[in-house]
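Reading the structure
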Amino acid sequence: MSTTWDPTAYLTFADHRARPFHDLLARVAARAPRRVVDLGCGPGNLTGLLAARWPAAVVEGLDSSAEMVAAARERGIDAHRVDVAAWAPAPDTDVVITNAVLHWVPQHRDLLPRWLAALPAGAELAMQVPGNFGAPSHILTRELARDHGVDLPAASPVAEPAEYAALLAAAAAEVDVWETTYLHRLTGPDPVLEWIASTALRPVRDALDEAAYAAFRADLAPRLRAAYPAQPDGTTWFPFRRIFAVARVG
Ligand SMILES: C[S@@+](CC[C@H](N)C(=O)[O-])C[C@H]1O[C@@H](n2cnc3c(N)ncnc32)[C@H](O)[C@@H]1O
C-alpha cells in the first residue's frame, strides 16, 4: 500500500524501533562485504550503523519515499528513490538488509526468492517484519477506520515464520528464522497512538482530510488507552511481535 511518510514523526520512538534492527544485524555474519544495501532505509539513522560496521563497503540506502530519501541524504547516506518491487541486486551485493519494510510490499513473497537467485555466492539477505497485525492496536484501528469510511486490509500482509523459513530454504543454503515479542515501555500521554500514528495510521491519514483525521484520532485514543492502560507510574507496556529471517546464498 502506498503511503506518505514523515521522517521526524517516525523517529519519535527511535530507540525502541532500532532494537529489532540490532537483533537482526547480530545474525549477519559477513566480514568484508563489497556492497551493503538497506532496502527501505527510511530516514537513514540505521543505515549509518551498516556503514559503521563495514567501513570498507559501499553502503546504499534505497527507499520509495522522497521525504525519507531526503532525510537519509541529510545524514550523509548514499540514498536513492527506488521501489523495492522493481529492485534487483547489483552483482557485488553481499548483504541486503530490509527492516520493517516488506509488510508494505504485498508481492514480497515473490521477490525474496528472486533476490536470492540474483545474489552472489555467500551473500546474506536479512529481513524483519512486524507480526502484530492481530494485535489490539491494529484490530481497533481497522474497526474504527471502517466506521470512518476507510477500508484497511483485514488480512495480515506478512507470512508466519514457518512460511518464510520454507520460502527462503528453497532458495538459500542456510536459513535462520525467529520471532520476538518486545515489551516496549512507553512514556507520555497516548504513547501507543503516537507510535502507530507514524506507521500503521499513515493510510488512514492519507485517506481523510485534516478534520476527519483529527476526529478519527480522537475516537481511537480512548480505545487504545483501554487496551494498553497506563501503569500507576505513568508508563505503558506495548507488546510488539516481530518476525526475523536471515538467509545465506550457497
Ligand atoms: C517503517 S519504515 C522502516 C525504515 C527503516 N528500515 C527502519 O528500520 O527504521 C518503512 C520504510 O519502508 C519504505 N517503503 C515502503 N514501501 C516501499 C517500497 N515499495 N519500496 C521502497 N521503500 C518502501 C517507506 O518509505 C519507509 O521509509
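Attention in this report is confined to the structure presented alongside it.

Not every one of the 18 residues close to the ligand is listed here, only the nearest: Gly40, Asp63, Asp83, Val84 and Asn99. One of the side-chain nitrogen or oxygen atoms of Asp83 is found 2.9 Å away from a nitrogen atom of the ligand. At 2.9 Å from a nitrogen atom of the ligand is found a main-chain nitrogen or oxygen belonging to Val84. In the complex, the protein chains occlude 95% of the 600 Å² of accessible area that the ligand would expose alone. Classifying every residue of the shell around the ligand by side-chain character gives 11 nonpolar, 5 polar and 2 charged.

We now examine the nonpolar core. Membership of the largest hydrophobic core comes to 27 residues, with the highest contact counts inside it found for Leu39, Leu112, Trp115, Leu116 and Tyr164. Elements with a contribution of two residues or more to this core: β1 (35–39), α5 (108–118), β5 (124–130), α7 (161–169) and β7 (236–248). Leave out the neighbours within four places in its chain, and Leu116 touches Leu125, Leu168, Ala171, Ala172, Ala247 and Val249. Ranked by size, the runner-up nonpolar core spans 25 residues in total, among them Phe13, Ala200, Phe216 and Leu220.

Here α7 has its buried residues at Pro161, Tyr164 and Leu168. In an axial view of α7, the angular spread of the buried residues amounts to 60°, which keeps them on one side of the axis. In this structure, α7 carries Ala162 and Ala166 as exposed residues pointing more than 90 degrees from its buried face. Taken together, the buried residues of α7 touch α5, β5, β6 (174–186) and β7.

Calculation rules
Residues numbered from 1 in each chain as written. Predicted model: local features only at pLDDT ≥ 70, side-chain atom pairs only at ≥ 80, totals over all residues. Heavy atoms only, no water. Near = heavy atom within 4 Å. Polar contact = N/O pair within 3.5 Å; in protein donor to acceptor, adjacent residues only side chain to side chain. Areas by Shrake-Rupley, 256 points an atom, 1.4 Å probe, with all protein chains shown as cover. Nonpolar A, V, L, I, M, F, W, Y, C, P; charged D, E, K, R; others polar. Core = buried A, V, L, I, M, F, W, Y, C linked by side-chain atoms within 4.5 Å. Buried < 20%, exposed > 50% of the residue type's maximum accessible area, 1.4 Å probe, protein only. Helix = DSSP H or I, 4+ residues; strand = E, 2+ residues; numbered from the N terminus. Contact = heavy atoms within 4.5 Å. Arc of directions from axis to C-beta.

The quantities given are spatial measurements derived from coordinates; they are silent on function.
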